[in-house]
Amino acid sequence: MSNGGLDPIDPYYTKNNDLRRVESLSISPELFEKLYLSPQNAVKGDLRKTFGNPTPAALVGFVVALSPLSIMFMGWRGAAGVSATTGVNIYFGGMLLIISGFLEFLLGNTFPSVVFFSYGAHFITFAVTFQPFYNAVAAYSPDGSQTQTPAFAASFAFYACFMGVLSFIFLICSLRTNLMFVLIFLGATLGFLLAAASFWTTAMGMSIGANLLVGTGAAFFFAACVGWYLLAAIMFAVLDMPFGLPVVDLSTTIKGASDRAKRD
């Protein structure tokens, strides 16, 4: 007769105790970094044991939004413009990243939280800028059309430039995470800087602006491809698959200042 999971020797012991004991075990720094894209840190409370890992959702938003956008920049199979993916940029790129950033914030994961908030805000900003309702492009046009003028291109280039600066800061910080995250920020940094160069040269009437836009798409597409790989690697680890994908952990290779202080 079933005893409801009670141990015959210890009637107060249930099989659920095994699960609780396994969940309470600390994971290795390498696995933590792979799952949360941040070096392992000590935080108060057990929220990480209570809620799921929001990092994969953020990566889903990032890759699903960036992949088609980068392809449109490159003009594959006649793709052009930016309005076709407005909804994707707002809901996948914006909503998923911002929600995930908020959840990472609650879990005490500062770096991924800042990254997800920043790129989520970018996807929404980029999407609404080219929508007629917000009058961002038409305000520069004498006839009120959506035609991009040199003044608009020269002005918007500064936004892309400073997004490149932000991505470069993230690139440096990611040296404490893993190689895949580093490559994503490398592609993003190059993409934003090439976009700025494309807008500036287009504003000057130079034909190279179109080639630089293709380069922008190629850099972003590289970042998206690495993002797809990282998403698969995290999902395989979350589901404890019998196989996995390496992400080349750097959190234990490049020691933090606190770790160096402890050794000294």
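Residues numbered from 1 in each chain as written. Predicted model: local features only at pLDDT ≥ 70, side-chain atom pairs only at ≥ 80, totals over all residues. Heavy atoms only, no water.

Some points on the overall build of the protein chain
Rule in force here: We count a stretch as a helix when DSSP gives it H or I for four or more residues in a row; a strand needs E for two or more, and each element gets its number in order from the N terminus. Buried means the residue's accessible area, taken with a 1.4 Å probe over protein chains only, is under 20% of the maximum for its type, while exposed means over 50%, and partly exposed covers the values in between. Contact criterion: two residues are considered in contact whenever any of their non-hydrogen atoms come within 4.5 Å of each other. The Shrake-Rupley method, run with a 1.4 Å probe sphere, supplies the accessible areas, and residue values consider only the shown protein chains as cover.
In terms of helices and strands, the protein chain carries 10 helices and zero strands. Along the protein chain, helices and strands appear, N-terminal first, in the series α-α-α-α-α-α-α-α-α-α. Looking at the protein chain as a whole, 39% of its 264 residues are labelled buried. Across the protein chain, every contact between residues at least 6 apart in sequence was considered, and the portion connecting residues at least 24 apart equals 67%. Only carbon and sulfur atoms are counted for the fraction: they give 69% of the accessible area of the protein chain, which is about 14,200 Å².

Quick notes on the packing of aromatic side chains
Convention followed: Paired rings are identified among Phe, Tyr and Trp, the last through its six-membered ring, by centres lying within 6.5 Å, and are further divided according to the angle between planes into stacked (under 30 degrees), edge-to-face (over 60) and tilted (the rest).
Applying the stated criterion across every chain, the model contains 24 aromatic pairs. Between Tyr140 and Phe152, the ring centres sit 5.7 Å apart and the planes meet at 70°, which makes this aromatic pair edge-to-face. With a gap of 12 residues between them, Tyr140 in the loop between helix 6 (110-129) and helix 7 (150-173) and Phe152 in helix 7 connect regions that are remote in the sequence. With a relative accessible area of 3%, Phe152 lands in the buried category. Between Phe192 and Phe220 the ring centres are 5.1 Å apart and the planes differ by 75°, which places this aromatic pair in the edge-to-face class. Of this pair, Phe192 sits in helix 8 (residues 179-203) while Phe220 sits in helix 9 (residues 208-238), placing them 28 residues apart in sequence.

Considerations on the nonpolar core
Operational definition: For the purposes of this section, nonpolar cores are sets of buried Ala, Val, Leu, Ile, Met, Phe, Trp, Tyr and Cys residues that join through side-chain atoms within 4.5 Å.
In terms of nonpolar packing, the biggest core is built from 45 residues, with Tyr119, Phe185 and Leu230 touching the most fellow members. Excluding residues within four positions of it along the chain, Phe185 makes contact with Phe111, Val115, Tyr119, Ser167, Phe170, Leu171 and Ser174.

Focus: the layout of surface pockets
Heads up, the rule is: Whether a set of points on the 1 Å grid over the protein atoms alone is a cavity depends on a 1.4 Å probe fitting there but being unable to get out, while an open set qualifies as a pocket with protein on both sides within 12 Å along at least five of seven lines; lining residues are those with an atom within 4 Å of a point. Grid points are joined across faces, edges and corners, and a volume is the space filled by probe spheres set on the points.
Its boundaries defined by the atoms lining it, the second largest pocket holds a volume of some 520 Å³. Lining the second largest pocket are 31 residues, and of these Phe73, Val82, Phe126, Phe199 and Leu213 sit closest to its centre. Per element, the largest residue contribution to the lining of the second largest pocket is seven residues, and it comes from helix 8.

Overview of unusual backbone geometry
For Asp240, which is not a glycine, the phi torsion comes out positive at approximately 55°. Counting through the fold element by element, Asp240 comes out in the loop between helix 9 and helix 10 (257-263). In this structure, Val248 takes a positive phi of about 60° despite not being glycine. With respect to the helices and strands, the residue Val248 is situated in the loop between helix 9 and helix 10.

Quick look at empty space enclosed by the protein
Empty space among the atoms can be located by rolling a probe the size of a water molecule over them. To keep it simple, the criterion reads: Side-chain classes are defined by residue name, with Ala, Val, Leu, Ile, Met, Phe, Trp, Tyr, Cys and Pro counting as nonpolar, Asp, Glu, Lys and Arg as charged, and the others, Gly among them, as polar.
Evaluation of the coordinates by the stated rule reveals one cavity of 30 Å³ or more. Roughly 70 Å³ of volume is contained in the largest cavity. Of all the elements in the fold, those that place two or more residues in the lining of the largest cavity are helix 4 (55-74), helix 6 and helix 8. Tallied by class, the residues present in the lining of the largest cavity amount to nine nonpolar, no polar and no charged.

Section: helix 8
The condition is simple: One less than the residue count of a helix, multiplied by 1.5 Å, gives the span that helix is expected to have. Under the rule applied, a polar contact is a pair of N or O atoms within 3.5 Å (in protein, one hydrogen donor and one hydrogen acceptor; residues adjacent in sequence only if both atoms are side-chain atoms).
With 25 residues, helix 8 extends 36 Å from end C-alpha to end C-alpha; this agrees with the ideal 36 Å at 1.5 Å per step. By the N-cap criterion, in which a side-chain oxygen at the helix start approaches the backbone nitrogen of a residue two or three places on, helix 8 is capped by Asn178, the distance to Met180 being 3.0 Å. Directly after helix 8, the chain includes Gly205, whose backbone phi takes a positive value near 80°.

Here we look at helix 6
In this model, helix 6 (20 residues) spans 28 Å end to end at C-alpha, consistent with the 28 Å of a helix rising 1.5 Å per residue. With 14 of its 20 residues buried, helix 6 lies for the most part within the structure.

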